[in-house]
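Residue strings, one per chain:
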Amino acid sequence: ANDYVIKIRGVEVAKGEVMMGQFLAMNPGTATEKLEGKETTEPAFGLPAYWISESQKEKAELAGYTVVEPSAVIATHLMEVIKANADKILGRQDTQTLIENVKRNYPAVVEELIPNLLSVGQVQKVLQNLLRERIPIKDLVTILETLADYAQVTKDPEILTEYVRQALGSTITKLYQTEEGVIQALTLDPNIEQMIDEAVRQAKTKGGGFAIPPDAMRKIYNSISKKSEEVISKGLTPIIVCSPTVRMYFRKLIESVYPNIAVLSYGEIDPKIQIEPLGRVSLEDED
């Protein structure tokens, strides 16, 4: 009776537990006092928490806990699941509807692009790529205009996505900049960038996908793990910045292990914004 499950197209993607009639007291990292209640983990962000009675609510808030009702727990979890799976939710018909909405006010943009240069399915793939990395697709006019500019050069959705990301530079910059107007991020060692460049060139020459030696990948993963933990301990979100030529490939290398780490390129960050280095992902860091 206390469990809930979230499914997408009939497949379970998340689940959780709520205690009706009680409150969830989450520790944002600053509360040190223990509470009387059932210990648990907040489902959306994995924060340590307690299920407490209403009589303990005031005490928990004074101790620094964030206290919410069960309905808010489910709503927050649902929203995070939608954000994390937006690319799977966006279907071909949804894409067609979005395009039709743009066409009402900007018919020239759509008519130039579809179907002469790209199909609805190809546009869908680009939008899914953006959503997979939590890039908003609200500025559809800019997205479609960029696709129209570059679809004459390539039909590859991955490469087209990179062009669109650069066109959405202001949006991406605002997503990740601090209140002080800087982007605090890890940088990528030039040796790793060179290794990826060479692997991509070899793959294009021989055909097939690119690959990095397993030992090098282990060192990269170790370095990311160590550096990202240092960043998280400071209360920051891990971001890795690299050159535009390798961003797409580096993201593919790490997304299965570190899906929530943002990978940005220098080409999609507003040049007026300062990048504050928090460390470097390199081949030298080992456990």
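Keep in mind that what you see is a predicted model, and the values were worked out from it rather than measured. Residue positions within a chain follow its written sequence, with the count starting from 1. The predicted nature of this model means local features are confined to residues of pLDDT at least 70 and side-chain atom pairs, given and counted, to a pLDDT of 80 or more, with totals for whole chains, interfaces and linings taken over all residues. Based on all heavy atoms of the structure, the side-chain values leave hydrogens and waters out of the count.

Asks: Got a sec to walk through the environment of V68? Specific residues and values, please.
Replies: Relative to the helices and strands, V68 resides in strand β6 (residues 66-68). Counting along the chain gives 44 residues from V68 to E112, while the straight-line C-alpha distance between them is 50 Å. Among residues more than four places away in sequence, those in contact with V68 are F23, L24, M26 and V73. By the criteria applied, helices consist of DSSP H or I runs no shorter than four residues and strands consist of E runs no shorter than two, each listed in order from the N terminus. Should any heavy atoms of two residues lie within 4.5 Å, those residues are counted as being in contact.

Asks: Outline the environment of R132, supporting the account with residue identities and numerical values.
Replies: With respect to the helices, strands and loops of the structure, R132 is situated in helix α6 (residues 120-132). In the structure, R132 is positioned 44 residues away from K88 in sequence and 8.4 Å away in space, judged by C-alpha atoms. In this view, R132 contacts D87, R251 and E255; residues no more than four positions away in its chain are not counted. Any pair of nitrogen or oxygen atoms within 3.5 Å is treated as a polar contact; in protein, a donor-acceptor pairing is required on top of that, and neighbouring residues in sequence qualify only through side-chain atoms on both sides. Separated by 3.2 Å, the side chains of R132 and D87 make a polar contact.

Asks: Explain the packing of helix α11 (residues 214-233) against helix α12 (residues 244-254) to me, and be specific about the residues and the numbers.
Replies: For helices, the axis comes from a line fit to the C-alpha atoms of the stretch in contact; other axes are also lines fit to C-alpha atoms, and the angle between any two N-to-C directions lies between 0 and 180 degrees. For the pair α11 and α12, the least separation of the axes is 11 Å and the interaxial angle reads 85°. By the criterion of interaxial angle, the relationship of α11 to α12 is roughly perpendicular. Mapping the contact onto sequence places M217, I220, Y221 and I224 in α11 and F250, L253 and I254 in α12. Basically, the charged four are Asp, Glu, Lys and Arg, the nonpolar ten are Ala, Val, Leu, Ile, Met, Phe, Trp, Tyr, Cys and Pro, and anything else, Gly included, counts as polar. Class assignment for the residues of the contact of α11 with α12 results in 7 nonpolar, no polar and no charged. Our angle categories are set so that under 35 degrees counts as roughly parallel, over 145 as roughly antiparallel, 65 to 115 as roughly perpendicular, and the remainder as oblique.

Asks: Report on the packing of aromatic side chains, specifying residues and quantitative values.
Replies: Only rings of Phe, Tyr and Trp enter the pairing, Trp through its six-membered ring, and a pair is recorded when the two centres are within 6.5 Å. The plane angle decides the type: under 30 degrees is stacked, over 60 is edge-to-face, the rest tilted. Enumeration according to the criterion identifies 4 aromatic pairs in this entry. Between Y150 and Y163, the aromatic rings sit 3.9 Å apart at their centres with planes inclined by 5°, giving stacked as the arrangement. On the criterion of sequence distance, the pair formed by Y150 in helix α7 (residues 140-150) and Y163 in helix α8 (residues 157-167) is long-range, its members being 13 residues apart. Under the relative-accessibility criterion, Y150 is labelled partly exposed at 31%. Type-normalised accessible area, obtained with a 1.4 Å probe on protein chains alone, sets the label of each residue: buried when under 20%, exposed when over 50%, and partly exposed for intermediate values.

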